[in-house]
Structures are given as C-alpha cells and as structure tokens.
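Notes for the structure review
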Amino acid sequence: MNEPPYLTLANAQVSYGDKIIFSDLNLTLGKRQRICLVGRNGCGKSSLMRALAGQIDFDDGNLYIEPHVTLGFLPQEAIPSLAKTVKDHVLAGSTASKKIESYEADAILDQIQLSPEKPMDDLSGGERRRADLARVLALDSDILLLDEPTNHLDISGIEWLENHLKSFKGSLLLISHDRLFLENISTHTFWMDRGKLHVNQKGFKEFDTWSDLILLAEEKELIRLNKKLAQETDWLHKGVTARRKRNQGRLKRLQLLREKKKHSTNARGRIVIPPPTPDSESKMVIEAIGLCKSFDTEQGLLPIVKDFSIRLLRGDRLGIIGNNGAGKTTLLKLLLGDLKADTGKIRRAKHLSIAYADQARANLNPKLNLWETLCDQGGDHIMIHGQPRHVVAYLKDFLFTDRQVFSPVGTLSGGEKNRLLLAKILTQPSSILVLDEPTNDLDMDTLDVLIDILSDYDGTLIIVSHDRYFIDRLVTSTLIMNGNADTQEYVGGYTENQQYLKHAVPVERKPQLPKKATQQPTAPKKLSYKFIHEQECLSSNIESLQKEIATLEEKLSDESLYLKNPQEFSSISNTFSEKKHQLQEAELRWLAIELMKEEFTK
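Reference entry: report on the structure contained in this document. (Residues numbered from 1 in each chain as written. Predicted model: local features only at pLDDT ≥ 70, side-chain atom pairs only at ≥ 80, totals over all residues. Heavy atoms only, no water.)

**Looking at the overall build of the protein chain**
The secondary structure content of the protein chain amounts to 19 helices and 20 strands. Accessible surface for the protein chain amounts to roughly 32500 Å². Of this, 51% is attributable to carbon and sulfur atoms. (Helix = DSSP H or I, 4+ residues; strand = E, 2+ residues; numbered from the N terminus. Areas by Shrake-Rupley, 256 points an atom, 1.4 Å probe, with all protein chains shown as cover.)

As structure tokens, this is what we get:
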C-alpha cells in the first residue's frame, strides 16, 4: 500500500493585486521525493514556496499537511537575525515542534565547516548562506523547502550540500538556477509555465527533452488552430528543434577544441606548456612563467600562487574554479596586469584589448537608463561583431522588455543588473573577455542566452565561476585552484576533470626482472570473446532502440495528443526520454569497446 503524501495542495491560487501569479494549482510532496521546481523568473516559484511555508497566504485552495509532519524553509534572501554568533543564529531556528539542541548545532556547523563562535557581523556572503543552511538543516524536518540554496556557495560547499541532501529521507522541494545541482539531486520535476504546473516523475536530467516535447505539441496545436502565440511566450518562436541542433553543434566544436588541447597534456592529464613555435607566438595573448604571489597576514606570509605557468592563445577558453579564498581573483589580476607578481615573468600581446566584468558590477551607473548605458555616446545603434544592432533589439536578446529600456539602472534587480553589465561588456571590441562570477543572480533562461552568446565569441575567454554546468558548456581547459597555492590546468570542463581525477591512480614504475634466455615471446593480445559478444549484442540493441524511438516520435508528433490526453502524452514522453538515455548509454559502451579493439590492432 502506498504511503500517503506528506503534503497535498489542491486548487491553489496566489495573486498580487489584480495580477494572478498562478491558479488551480495542484501538487503533492511524498516521502523521499526530491523535487526541483523550475520556471522563468516571475512565474511564481518563490511565491509558491513562501505560501507552502506559511509566510504568505493562498488566496484560494486547500493545503493539507499530515499530522506531526514538520517543515523547514530556507528563503532566497538571508534569514533576519539578531544573534551575535553563528551558533546563536542556528539555535534561534528552534520552533514550537522542534528545539535545536546545542550539540545538534555544533554537529551541523562542523559538517558545514563554519566556526560556531564566529560573529555574524564578520561573515562573508558564502558564510552567511552556510549559517542559514545550518539553521534550517539542524531542524531535521520531514519537509525541506529550499529556495536557491547554492547562492554564494563555492564548489566544495555545493558538493557537500548535494551529498547531504541525497541522504535526506524526507520530502525535498528546491528551487535553483544550478543545472548540475538539480541533475544530481532531483528525482521529480515540477515546471511552472504561464500559470500551469507540469509534473514529471523523473529528475531534471530529462527536463530539456520533456519540456521541448510539451512546447512542440502546444506550438503545433496553436498553429493548427491558426492562433498566434501569446506575447509573453514569443521566445518559443526561436524554434525548439533548431535551438537543440545549434547547441549540439556547439558542443561538438567545443569537444574538438578540447581534443586539440589534449596534445599538450602529460601522463597525469595536466597541461604542460610546449616550446614556442612561430604559430603559437603569433597567436599568443598571455604567457606566464613561474609566477609567485604571497600576502602578509597576521599569521605570517600566505602564498596564493606558486610557480604558476600558462600560455593563452587566441581563441582559448579558460575556466578557473576553486573554493572561496583560493585566490581566483588574485590570479586574474596577475594575468591582466592589475597586480604585480613577487617573482616570475609574464608577457602580453601588443595592443591587447580587455573587456572585464567583475562581481561588483562596478561599471554600471545607477542613474542612467538601459538605453543610455549601452549608447553612452548617443544614438540608437551599437556595433556587435562588426554589425550594427538597434539597442532595443539587442536588449531583447538579454530578455529585457520594451518597458524596461528607459528604466533607471538603480531600479533593476541583481539578476537584471548582471544581464545589463554582460550586454554592455559584449558591445566593447575586445581580444580577451574576462568574466568574474557572471552567473550570479541569473535564471536558467538568461544562462542559456549567455551560453549562446559566449559560444560565438571569437576572442580569448576567461571565466571564473562556481557554476559547473556553465563551465562545462564553454571552456576548453580548466584551472583548478586547491587553496594551497597549487594551481593546475586540465583539458575540458569541471565534470570531465572530476571524472579524470576520480579514476586517476599514481603511476608505479616496477623494476623489470631480467628475461630468461628460454623465455618465449608472448603472443599478441586480442580482444576477448566476452567483449566481442557484448559489442554484437549492443549493435542489435542500438538498432532496436532506434526503431522504438522512431515509433515514439511518431506518436508524439500527433498535434492533438497533448491536449486530448495529457496523461498519455506524459507517459509516452517519459518512455521516449528513457529510451533516448538507454540509446546514448549503449552507443557510448559500443564506442568504448571499439576503442579497445583499435588499441589491440596498433
């Protein structure tokens, strides 16, 4: 017998003034479900979360929570606190149904690596977020509602949170713009789209395929009925299929660039700088040899960068990742000439033009409107890649509306300011583009737009970011800063490097025994029958899966299926996603065996 859900919401509505945010909304939260709540900014995700947490009222509908079920809520903004120390802040999170004991506060703060006695006033943004997380997690609630829990966290903090939530036995509903975090955590997906809630019984890994199928079915039905799409959904006109093909093409090009980089790696996968050639000299943007940088602290000399070398060529795309305080911004300043190294040499190309977007958004004047910010010399056109664009059309590329064009910069949200700064930076002619945490406060739609634009940038790109998905989609190599002044460059993005480092083992050089005179030469190795048989079975399975997928695609192409029978459409689309995943796994395994076969024939 199925267990009853922890929480049930029926026919819910929330509105602000005359504007209805959502209505007739139904959902359930079950035990051990880890649900991601996704949708465009302003669709009502945070309003739904706050209403479930009891911070605002539903205008209509019924909310039922099982007796004795407790609920913890982490809002997007910092939790207000009068506490002096971090531990006091955590203990202040006690509720009528759950008192947080002193040892519980100490335990969670130890796990999250935050000193209990540290004053709240001295916390950085990342530490403040960890303190709020500790306060909510210490409650050990049955239901956790987390609104952007990874905001301001570094990669180690995000990974810790992932592992912690994977073992959570209650019901989890979370909002996040971090795609990889959602893919690693979620088992179910709620998608809020134009006031409707779509539910998928699979995690966020399947979101793109699933949502594309829904949008395609809706678009076909609207075309059949000779109706135009509503103005607020004009982004659909970009074409789901075309967008998917374009992204796949860019990923293939990125992979080719990474393959070229692999020619410069050593046995441990690290990039080594080859001797200069006439070709590399002509393309050289920045070259650093043996850079060292330390700072004087109360505890003594603190090394940040030690014996660091790199050569950046025109068209290289470099990602820099590391924990807060590891020295990422310091390294950027060394490379760009804003900070002098203690020792080492650095060369930069003549006439190097740098476009730099920093975390503080210091390049924006809050008194100017959006038009004036981009057209600071007047006029109504700007040059993009040597081509004129009207300023309003260009702002629409960054998801700004016509009404916002004449709004003062000071009235924009954090995410909107970040979008505007990126739009401004990309209008500047540059041979090197440097982005320091560009994804802060950006939603997924804006991230997709930014990845789209940066994929076409033909200069040298340097990105500092905690967003692993963003790094994976854009860079040819990654600098990993471990916080101990050791910095190494590896080919590929974050995920590729983690997989390599996970499986890397020390190379052992065993002394070879002298061969006996009677020893016969060993016969050349062959691929075992086990692998040959497996590859034959895979070939058959791949052919079968391709036929099944074609049949499912034909069913999903029925323009009226989604509107006539949403449940059947959802079932078929889930099966379609599953078969596509199986096909991808089978093709990768077949290719792995084929590569083994090629090794034996060399």
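**Topic: a negative patch on the surface**
A cluster of acidic side chains, namely Asp 24, Asp 57, Asp 59 and Asp 60, defines a negative patch on the protein surface. You can call Asp 24 exposed: its relative accessible area is 58%. (Patch = residues over 30% accessible without salt bridge, like charges linked within 9 Å, V, L, I, M, F, W, Y side chains within 5 Å. Salt bridge = Lys/Arg side-chain N within 4 Å of Asp/Glu carboxyl O. Lys, Arg positive; Asp, Glu negative; His and termini not counted. Charge placed at Lys NZ, Arg CZ, Asp CG, Glu CD. Buried < 20%, exposed > 50% of the residue type's maximum accessible area, 1.4 Å probe, protein only.)

**Regarding the side chain of Lys 328**
Looking at the secondary structure, you find Lys 328 in helix α10 (residues 328–336). Although buried, Lys 328 forms no salt bridge, and the nearest oppositely charged side chain, Glu 437, lies 5.1 Å from it. In terms of polar contacts, Lys 328 uses its side chain to reach the backbone carbonyl oxygen of Gly 322, at 3.1 Å. Not counting residues within four places of it along the chain, the set of residues in contact with Lys 328 comprises Ile 320, Ile 321, Gly 322, Asn 323, Glu 437, Val 464, His 466 and Met 481. (Polar contact = N/O pair within 3.5 Å; in protein donor to acceptor, adjacent residues only side chain to side chain. Contact = heavy atoms within 4.5 Å.)

**Topic: helix α13 (residues 414–425)**
Relative to the 16 Å expected for 12 residues at 1.5 Å per residue, α13 spans 17 Å between its end C-alpha atoms, a close match to the ideal helical length. The element α13 is extensively covered by neighbouring structure, given that 10 of its 12 residues are classed as buried. Those residues of α13 lying buried are Gly 415, Glu 416, Asn 418, Arg 419, Leu 420, Leu 421, Leu 422, Ala 423, Lys 424 and Ile 425. Buried-residue contacts for α13 involve β14 (354–357), α11 (370–374), α12 (391–397), β17 (432–436) and α14 (444–455). (Expected span 1.5 Å × (residues − 1).)

**A short note on the packing of aromatic side chains**
Taken as a whole and judged by the stated rule, the model has six aromatic pairs. On the numbers, 6.0 Å between centres and 65 degrees between planes, the contact of Trp 191 with Trp 210 is edge-to-face. Within this pair, whereas Trp 191 is found in strand β8 (residues 188–193), its partner Trp 210 is found in helix α7 (residues 207–224), the two being separated by 19 residues in sequence. A relative accessible area of 2% places Trp 210 in the buried class. On the basis of an interplanar angle of 15 degrees and a centroid distance of 5.5 Å, the ring pair of Trp 371 and Phe 406 is categorised as stacked. Here Trp 371 is found in helix α11, whereas its partner Phe 406 is found in the loop between α12 and α13, with 35 residues between them in sequence. Following the ring pairs from residue to residue traces out a cluster consisting of Trp 191, Phe 204, Phe 207 and Trp 210. The positively charged end of Arg 419 is found above the aromatic ring belonging to Phe 400, 4.8 Å away from the centroid. (Phe/Tyr/Trp six-rings, centres within 6.5 Å; stacked < 30°, edge-to-face > 60°. Lys NZ or Arg CZ within 6 Å of the ring centre and 35° of its normal.)

**Quick look at the pattern of salt bridges**
As enumerated under the stated definition, the model contains 16 salt bridges in all. For Glu 104, the salt bridge identified is with Lys 98, shortest N-O distance 2.9 Å. Between Lys 293 and Asp 342 there is a salt bridge, and its shortest N-O distance comes to 3.5 Å. Placement of the pair is Lys 293 in strand β10 (residues 284–297) and Asp 342 in the loop between α10 and β13 (343–348), with a sequence separation of 49 residues. Residue Asp 342 is classed as partly exposed on the basis of its relative accessible area, which comes to 43%.

**Quick look at the side chain of Arg 128**
Relative to the helices and strands, Arg 128 is located in helix α4 (residues 125–137). The exposure class assigned to Arg 128 is buried, which follows from its relative accessible area of 19%. Only 2.7 Å separates the side chain of Arg 128 from the backbone oxygen of Ile 79, close enough to count as a polar contact. Dropping the residues within four chain positions of it, Arg 128 is found in contact with Ala 78, Ile 79, Ser 81, His 89, Met 120 and Leu 123.

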